[in-house]
Amino acid sequence: MGYFGLSSVLSSTYVTSSLNLLFFYLTWTTLVMSQPPLHIELLGSFAMRILFYWIPTLLFTLFEVVMPGLSGDLKIRRGPRIAGKDVFWIGMNGLMNQVIATAIQGAVQSTYAQLLMRKVPVFDIGTTLPMPWNIVKDILLILAIREVITYVLHRHVLHNPRRFRKLSRYHCVNHNFPKTPTFALKAHYAHPLDYFLIQFLPLYLPAYLLRVHLLTFFLTTAIVSLESALIYSGYDIFWGLLGGTVRRIDRHHCPGGEKMDFGIWGILDWVSGTAGGRSRPEEEGGAIDVHAQVSREVDEKKRRLAKRLKS
Ligand SMILES: [Zn+2]
(Lines give C-alpha, C1' and ligand atoms only; values in the text may rest on other atoms or scores of the structure.)
Protein backbone atom coordinates (compact mmCIF):
# COMPACT_ATOMS: atom_id res chain seq x y z
CA MET A 1 0.00 0.00 0.00
CA GLY A 2 1.42 3.38 -0.99
CA TYR A 3 1.84 6.41 1.22
CA PHE A 4 -1.46 7.95 0.10
CA GLY A 5 -3.33 4.67 0.62
CA LEU A 6 -1.96 4.36 4.16
CA SER A 7 -2.66 8.00 5.00
CA SER A 8 -6.25 7.72 3.72
CA VAL A 9 -6.79 4.58 5.90
CA LEU A 10 -5.30 6.37 8.91
CA SER A 11 -7.36 9.50 8.35
CA SER A 12 -10.58 7.47 7.90
CA THR A 13 -9.78 5.60 11.17
CA TYR A 14 -9.16 8.96 12.84
CA VAL A 15 -12.49 10.34 11.53
CA THR A 16 -14.36 7.19 12.65
CA SER A 17 -12.87 7.25 16.18
CA SER A 18 -13.53 11.00 16.46
CA LEU A 19 -17.15 10.45 15.44
CA ASN A 20 -17.47 7.57 17.95
CA LEU A 21 -16.05 9.78 20.69
CA LEU A 22 -18.40 12.62 19.73
CA PHE A 23 -21.38 10.20 19.77
CA PHE A 24 -20.30 8.84 23.16
CA TYR A 25 -19.88 12.38 24.53
CA LEU A 26 -23.36 13.40 23.34
CA THR A 27 -24.94 10.24 24.82
CA TRP A 28 -23.14 10.74 28.14
CA THR A 29 -24.11 14.46 28.30
CA THR A 30 -27.76 13.63 27.54
CA LEU A 31 -27.74 10.94 30.24
CA VAL A 32 -26.18 13.27 32.85
CA MET A 33 -28.64 16.07 31.99
CA SER A 34 -31.76 13.88 31.99
CA GLN A 35 -31.22 11.37 34.85
CA PRO A 36 -30.54 11.81 38.58
CA PRO A 37 -26.85 11.04 39.41
CA LEU A 38 -27.86 8.23 41.81
CA HIS A 39 -29.73 6.35 39.06
CA ILE A 40 -26.81 6.63 36.64
CA GLU A 41 -24.33 5.47 39.28
CA LEU A 42 -26.30 2.48 40.57
CA LEU A 43 -27.67 1.24 37.25
CA GLY A 44 -24.30 1.77 35.54
CA SER A 45 -22.40 -0.11 38.27
CA PHE A 46 -24.84 -3.02 38.16
CA ALA A 47 -24.73 -3.12 34.36
CA MET A 48 -20.92 -3.43 34.54
CA ARG A 49 -21.29 -6.40 36.91
CA ILE A 50 -23.80 -8.13 34.62
CA LEU A 51 -21.75 -7.57 31.48
CA PHE A 52 -18.31 -8.33 32.88
CA TYR A 53 -18.96 -10.78 35.73
CA TRP A 54 -22.29 -12.55 35.24
CA ILE A 55 -22.12 -13.19 31.49
CA PRO A 56 -18.60 -14.78 31.52
CA THR A 57 -19.38 -16.58 34.80
CA LEU A 58 -22.62 -18.08 33.50
CA LEU A 59 -20.81 -19.14 30.29
CA PHE A 60 -18.11 -20.88 32.38
CA THR A 61 -20.81 -22.55 34.53
CA LEU A 62 -22.75 -23.69 31.45
CA PHE A 63 -19.55 -25.14 29.97
CA GLU A 64 -18.90 -27.04 33.23
CA VAL A 65 -22.45 -28.43 33.29
CA VAL A 66 -22.60 -29.40 29.59
CA MET A 67 -19.00 -30.66 29.23
CA PRO A 68 -17.85 -31.82 32.68
CA GLY A 69 -15.06 -34.02 31.26
CA LEU A 70 -13.42 -31.39 29.07
CA SER A 71 -13.84 -28.58 31.61
CA GLY A 72 -12.37 -30.86 34.32
CA ASP A 73 -9.34 -31.56 32.10
CA LEU A 74 -8.73 -27.83 31.70
CA LYS A 75 -8.78 -27.11 35.44
CA ILE A 76 -5.64 -26.64 37.52
CA ARG A 77 -6.49 -29.67 39.66
CA ARG A 78 -9.03 -32.43 39.76
CA GLY A 79 -11.75 -32.68 42.37
CA PRO A 80 -15.34 -33.69 43.04
CA ARG A 81 -18.09 -31.87 41.14
CA ILE A 82 -20.55 -29.68 43.00
CA ALA A 83 -24.22 -30.69 43.00
CA GLY A 84 -26.56 -28.62 40.80
CA LYS A 85 -28.58 -27.28 43.74
CA ASP A 86 -25.38 -26.09 45.48
CA VAL A 87 -24.30 -24.32 42.27
CA PHE A 88 -27.68 -22.55 42.23
CA TRP A 89 -27.44 -21.38 45.86
CA ILE A 90 -23.81 -20.30 45.44
CA GLY A 91 -24.95 -18.15 42.49
CA MET A 92 -27.88 -16.73 44.50
CA ASN A 93 -25.54 -15.88 47.38
CA GLY A 94 -23.21 -14.01 44.98
CA LEU A 95 -26.15 -12.11 43.49
CA MET A 96 -27.43 -11.19 46.97
CA ASN A 97 -23.99 -9.86 47.94
CA GLN A 98 -23.89 -7.69 44.83
CA VAL A 99 -27.40 -6.34 45.51
CA ILE A 100 -26.34 -5.50 49.09
CA ALA A 101 -23.18 -3.81 47.76
CA THR A 102 -25.30 -1.71 45.37
CA ALA A 103 -27.66 -0.79 48.24
CA ILE A 104 -24.69 0.33 50.39
CA GLN A 105 -23.42 2.32 47.40
CA GLY A 106 -26.83 4.03 47.18
CA ALA A 107 -26.86 4.70 50.94
CA VAL A 108 -23.38 6.26 50.82
CA GLN A 109 -24.39 8.44 47.90
CA SER A 110 -27.64 9.60 49.55
CA THR A 111 -25.90 10.25 52.88
CA TYR A 112 -23.18 12.26 51.20
CA ALA A 113 -25.67 14.26 49.13
CA GLN A 114 -28.31 14.94 51.79
CA LEU A 115 -26.99 14.57 55.34
CA LEU A 116 -23.68 16.28 54.64
CA MET A 117 -25.52 18.95 52.61
CA ARG A 118 -23.18 18.53 49.68
CA LYS A 119 -24.61 19.65 46.41
CA VAL A 120 -22.36 17.32 44.42
CA PRO A 121 -22.32 13.50 44.33
CA VAL A 122 -19.36 11.49 45.73
CA PHE A 123 -18.16 10.58 42.26
CA ASP A 124 -17.48 13.28 39.74
CA ILE A 125 -20.47 13.07 37.36
CA GLY A 126 -19.52 15.99 35.16
CA THR A 127 -20.11 16.32 31.44
CA THR A 128 -16.37 16.91 30.99
CA LEU A 129 -14.81 13.57 30.13
CA PRO A 130 -11.61 12.64 31.98
CA MET A 131 -8.37 12.49 29.98
CA PRO A 132 -7.18 8.95 29.11
CA TRP A 133 -4.00 9.39 31.18
CA ASN A 134 -6.04 10.44 34.24
CA ILE A 135 -8.33 7.41 33.81
CA VAL A 136 -5.33 5.03 33.69
CA LYS A 137 -3.63 6.76 36.65
CA ASP A 138 -6.79 6.63 38.81
CA ILE A 139 -7.52 2.98 37.95
CA LEU A 140 -3.94 1.93 38.79
CA LEU A 141 -4.09 3.86 42.06
CA ILE A 142 -7.46 2.28 43.05
CA LEU A 143 -6.16 -1.21 42.21
CA ALA A 144 -2.92 -0.64 44.16
CA ILE A 145 -4.79 0.57 47.28
CA ARG A 146 -7.29 -2.29 46.87
CA GLU A 147 -4.41 -4.79 46.86
CA VAL A 148 -3.03 -3.42 50.15
CA ILE A 149 -6.44 -3.33 51.92
CA THR A 150 -7.31 -6.83 50.65
CA TYR A 151 -4.00 -8.29 51.77
CA VAL A 152 -4.08 -6.73 55.26
CA LEU A 153 -7.73 -7.63 55.99
CA HIS A 154 -7.50 -11.09 54.45
CA ARG A 155 -4.31 -12.09 56.25
CA HIS A 156 -4.56 -10.30 59.59
CA VAL A 157 -8.34 -10.27 60.19
CA LEU A 158 -10.15 -12.94 58.18
CA HIS A 159 -7.49 -15.61 58.69
CA ASN A 160 -6.79 -14.66 62.29
CA PRO A 161 -9.23 -16.79 64.33
CA ARG A 162 -7.45 -16.09 67.61
CA ARG A 163 -8.25 -12.35 67.47
CA PHE A 164 -11.24 -12.24 65.13
CA ARG A 165 -13.06 -15.50 65.76
CA LYS A 166 -16.44 -14.52 64.27
CA LEU A 167 -15.05 -12.80 61.17
CA SER A 168 -12.74 -15.76 60.54
CA ARG A 169 -15.73 -18.08 60.79
CA TYR A 170 -17.69 -15.94 58.31
CA HIS A 171 -14.74 -16.11 55.90
CA CYS A 172 -14.93 -19.93 55.97
CA VAL A 173 -17.98 -19.69 53.66
CA ASN A 174 -15.69 -18.53 50.84
CA HIS A 175 -13.46 -21.53 51.60
CA ASN A 176 -16.27 -24.09 51.30
CA PHE A 177 -15.76 -26.91 48.77
CA PRO A 178 -11.93 -26.96 49.19
CA LYS A 179 -11.51 -30.26 47.35
CA THR A 180 -13.19 -28.88 44.22
CA PRO A 181 -11.04 -26.63 42.01
CA THR A 182 -12.20 -23.00 42.14
CA PHE A 183 -15.03 -21.97 39.83
CA ALA A 184 -16.14 -18.50 38.70
CA LEU A 185 -19.33 -18.47 40.82
CA LYS A 186 -17.14 -18.78 43.94
CA ALA A 187 -15.75 -15.26 43.43
CA HIS A 188 -18.75 -13.59 45.09
CA TYR A 189 -19.77 -16.53 47.27
CA ALA A 190 -19.26 -15.25 50.82
CA HIS A 191 -20.95 -14.21 54.05
CA PRO A 192 -22.26 -10.63 53.46
CA LEU A 193 -19.98 -9.17 56.15
CA ASP A 194 -16.96 -10.96 54.72
CA TYR A 195 -18.01 -9.73 51.26
CA PHE A 196 -18.21 -6.16 52.56
CA LEU A 197 -14.73 -6.35 54.09
CA ILE A 198 -12.84 -8.09 51.32
CA GLN A 199 -14.70 -7.09 48.17
CA PHE A 200 -16.63 -3.86 48.79
CA LEU A 201 -14.32 -1.86 51.04
CA PRO A 202 -11.03 -2.39 49.14
CA LEU A 203 -12.62 -1.21 45.88
CA TYR A 204 -15.00 1.54 47.00
CA LEU A 205 -12.88 3.19 49.70
CA PRO A 206 -10.06 4.35 47.37
CA ALA A 207 -12.60 5.29 44.66
CA TYR A 208 -14.53 7.45 47.16
CA LEU A 209 -11.40 9.00 48.65
CA LEU A 210 -10.01 9.90 45.23
CA ARG A 211 -13.48 11.13 44.10
CA VAL A 212 -12.80 9.74 40.63
CA HIS A 213 -14.96 10.48 37.60
CA LEU A 214 -17.96 8.12 37.41
CA LEU A 215 -16.77 6.81 34.02
CA THR A 216 -13.43 5.88 35.62
CA PHE A 217 -15.33 4.07 38.37
CA PHE A 218 -17.44 2.19 35.80
CA LEU A 219 -14.28 1.15 33.97
CA THR A 220 -12.67 0.00 37.26
CA THR A 221 -15.82 -2.00 38.12
CA ALA A 222 -15.71 -3.59 34.66
CA ILE A 223 -12.03 -4.58 35.09
CA VAL A 224 -12.54 -5.93 38.63
CA SER A 225 -15.70 -7.85 37.58
CA LEU A 226 -14.01 -9.55 34.62
CA GLU A 227 -10.92 -10.17 36.75
CA SER A 228 -12.96 -11.97 39.44
CA ALA A 229 -14.67 -14.21 36.86
CA LEU A 230 -11.31 -15.15 35.32
CA ILE A 231 -9.13 -15.56 38.42
CA TYR A 232 -11.72 -17.75 40.16
CA SER A 233 -12.40 -19.83 37.03
CA GLY A 234 -9.75 -22.36 38.06
CA TYR A 235 -8.76 -22.95 34.41
CA ASP A 236 -5.14 -23.69 33.60
CA ILE A 237 -5.37 -21.88 30.26
CA PHE A 238 -4.08 -18.43 31.19
CA TRP A 239 -0.49 -17.29 31.22
CA GLY A 240 1.66 -14.52 32.69
CA LEU A 241 0.36 -12.49 35.63
CA LEU A 242 -3.22 -13.68 35.05
CA GLY A 243 -2.21 -17.36 34.95
CA GLY A 244 -0.20 -16.93 38.16
CA THR A 245 -3.16 -15.28 39.89
CA VAL A 246 -5.56 -18.07 38.84
CA ARG A 247 -3.16 -20.63 40.35
CA ARG A 248 -2.66 -18.54 43.51
CA ILE A 249 -6.41 -18.14 44.09
CA ASP A 250 -6.92 -21.88 43.61
CA ARG A 251 -4.01 -22.67 45.95
CA HIS A 252 -5.47 -20.43 48.67
CA HIS A 253 -8.74 -22.41 48.45
CA CYS A 254 -7.03 -25.84 48.55
CA PRO A 255 -7.18 -27.81 51.82
CA GLY A 256 -4.44 -26.23 53.96
CA GLY A 257 -4.05 -23.32 51.54
CA GLU A 258 -5.36 -20.67 53.92
CA LYS A 259 -1.88 -19.99 55.32
CA MET A 260 -0.67 -18.36 52.11
CA ASP A 261 -1.58 -16.30 49.05
CA PHE A 262 -3.70 -13.60 50.68
CA GLY A 263 -3.36 -10.93 48.00
CA ILE A 264 -4.89 -10.83 44.54
CA TRP A 265 -1.93 -10.09 42.29
CA GLY A 266 0.66 -11.73 44.58
CA ILE A 267 3.13 -8.86 44.89
CA LEU A 268 2.50 -8.30 48.62
CA ASP A 269 2.61 -12.06 49.27
CA TRP A 270 5.96 -12.19 47.54
CA VAL A 271 7.30 -9.24 49.55
CA SER A 272 5.88 -10.51 52.88
CA GLY A 273 6.96 -14.14 52.41
CA THR A 274 3.41 -15.54 52.28
CA ALA A 275 3.56 -16.53 48.63
CA GLY A 276 2.85 -20.19 48.02
CA GLY A 277 5.01 -21.61 45.30
CA ARG A 278 6.90 -24.60 44.12
CA SER A 279 10.14 -23.14 45.42
CA ARG A 280 8.98 -23.32 49.07
CA PRO A 281 8.54 -26.64 50.85
CA GLU A 282 5.08 -27.47 52.17
CA GLU A 283 6.25 -27.61 55.80
CA GLU A 284 7.18 -23.92 55.52
CA GLY A 285 3.78 -22.98 54.16
CA GLY A 286 4.72 -23.29 50.50
CA ALA A 287 2.23 -24.28 47.84
CA ILE A 288 0.80 -27.72 47.61
CA ASP A 289 1.73 -28.73 44.10
CA VAL A 290 -1.20 -31.06 43.49
CA HIS A 291 0.25 -32.77 40.41
CA ALA A 292 3.55 -33.44 42.20
CA GLN A 293 1.66 -34.56 45.30
CA VAL A 294 -0.44 -37.06 43.32
CA SER A 295 2.56 -38.48 41.44
CA ARG A 296 4.44 -38.82 44.77
CA GLU A 297 1.51 -40.76 46.23
CA VAL A 298 1.29 -43.01 43.14
CA ASP A 299 5.04 -43.73 43.33
CA GLU A 300 4.71 -44.54 47.03
CA LYS A 301 1.81 -46.97 46.35
CA LYS A 302 3.79 -48.64 43.53
CA ARG A 303 6.78 -49.04 45.85
CA ARG A 304 4.60 -50.62 48.59
CA LEU A 305 2.94 -52.95 46.08
CA ALA A 306 6.31 -54.07 44.70
CA LYS A 307 7.52 -54.70 48.24
CA ARG A 308 4.45 -56.81 49.06
CA LEU A 309 4.81 -58.83 45.84
CA LYS A 310 8.45 -59.54 46.63
CA SER A 311 7.74 -60.75 50.16
ZN1 LIG B 1 -9.13 -16.75 52.59
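These figures come from a predicted structure and were not determined experimentally. (Residues numbered from 1 in each chain as written. Predicted model: local features only at pLDDT ≥ 70, side-chain atom pairs only at ≥ 80, totals over all residues.)

## Describing the overall build of the chain
Consideration 1: The helix and strand tally for the chain stands at eleven helices and zero strands.
Consideration 2: In sequence order, the secondary structure elements of the chain are arranged as α-α-α-α-α-α-α-α-α-α-α.
Consideration 3: By the burial criterion, 30% of the 311 residues in the chain qualify as buried.
Consideration 4: Long-range pairs, those at least 24 residues apart, make up 70% of the contacts in the chain with a sequence separation of at least 6. (Helix = DSSP H or I, 4+ residues; strand = E, 2+ residues; numbered from the N terminus. Buried ≥ 20, exposed ≤ 12 C-beta atoms within 10 Å, placed from the backbone. Contact = placed C-beta atoms within 7 Å.)

## Let's talk about the nonpolar core
Looking at soluble globular proteins, one finds that nonpolar side chains tend to be buried together.
Consideration 1: Formed by 25 residues in total, the largest nonpolar core has its most connected members in Ala184, Leu185, Ile198, Ala229, Ile231, Tyr232 and Val246.
Consideration 2: Put simply, the parts of the chain that give this core at least two residues each are α2 (37-66), α5 (132-158), α7 (192-210), α8 (214-231) and α9 (240-252).
Consideration 3: The residues contacting alanine 229, other than those within four sequence positions of it, are Tyr53, Pro56, Thr57, Phe60, Ala184 and Ala187.
Consideration 4: Of all hydrophobic cores here, the second largest spans eleven residues; its members include Ile142, Tyr204, Val212 and Phe217. (Core = buried A, V, L, I, M, F, W, Y, C linked by C-beta atoms within 7 Å.)

## Things to note about the packing of α5 against α7
Consideration 1: The contact between α5 and α7 brings their axes to 9 Å, and the two run at 145°. Crossing of α5 against α7: the hand is right-handed. Contacts between α5 and α7 involve Asp138, Leu141, Ile142, Ile145, Arg146, Ile149, Thr150, Leu153, His154 and Leu158 from the former and Asp194, Leu197, Ile198, Leu201, Pro202, Leu203, Leu205, Pro206, Ala207 and Leu210 from the latter.
Consideration 2: Of the residues assigned to the contact of α5 with α7, the class counts are 15 nonpolar, two polar and three charged. (Axes fitted to C-alpha atoms, helices over the stretch in contact; angles between N-to-C directions. Left-handed = near helix turned anticlockwise from the far one by under 90°. Nonpolar A, V, L, I, M, F, W, Y, C, P; charged D, E, K, R; others polar.)

## Quick look at the confidence of the model for the chain
Consideration 1: Averaged over all residues, the pLDDT of the chain equals 85, while 86% of them reach at least 70.
Consideration 2: Below a pLDDT of 50 lies the segment residues 279-288, which in the model reaches 19 contacts outside its immediate sequence neighbourhood of four places, other chains included. (pLDDT = per-residue confidence, 0-100.)

## Some thoughts on unusual backbone geometry
Consideration 1: Unusually for a residue other than glycine, phenylalanine 177 sits at a positive phi of about 60°.
Consideration 2: Of note, phenylalanine 177 is situated in the loop between α6 (165-171) and α7.
Consideration 3: Even without being glycine, aspartate 261 reaches a positive phi, approximately 55°.
Consideration 4: Relative to the helices and strands, aspartate 261 is located in the loop between α9 and α10 (267-272).
Consideration 5: With 26 C-beta atoms counted inside 10 Å, the residue aspartate 261 sits in the buried group.

## Some words on the packing of α2 against α8
Consideration 1: Following both chains from N to C, one finds α2 and α8 inclined at 20°, their axes separated by 9 Å at the closest point. One finds that α2 runs roughly parallel with respect to α8. Once α2 is placed against α8, the crossing between them reads as right-handed. Only Leu214, Phe218, Thr221, Ala222, Ser225, Leu226, Ser228 and Ala229 of α8 make contact with α2, whose side of the interface consists of Ile40, Glu41, Gly44, Ser45, Met48, Arg49, Phe52, Tyr53, Pro56, Thr57 and Phe60.
Consideration 2: A per-class count over the contact of α2 with α8 returns eleven nonpolar, six polar and two charged. (Parallel < 35°, antiparallel > 145°, perpendicular 65-115°, else oblique.)

## Examining α9
Consideration 1: The end-to-end C-alpha separation of α9 is 18 Å, in line with the 18 Å expected for 13 residues at 1.5 Å each.
Consideration 2: Every buried residue of α9 is accounted for by Thr245, Val246, Arg247, Arg248, Ile249, Asp250, Arg251 and His252.
Consideration 3: Against the buried residues of α9 lie α8. (Expected span 1.5 Å × (residues − 1).)

## Describing α5
Consideration 1: Given a rise of 1.5 Å per residue, 27 residues ought to cover 39 Å, and the 37 Å separating the end C-alpha atoms of α5 matches this to within 8%.
Consideration 2: Along α5, the residues that are buried comprise Asp138, Ile142, Arg146, Thr150, Tyr151, Leu153, His154, Arg155 and Leu158.
Consideration 3: Contacts made by the buried residues of α5 are with α6, α7, α8 and α10.

## Some details on the environment of lysine 259
Consideration 1: Relative to the elements of secondary structure, lysine 259 occurs in the loop between α9 and α10.
Consideration 2: With 17 residues separating them in the primary sequence, lysine 259 and glycine 276 have C-alpha atoms 8.7 Å apart.

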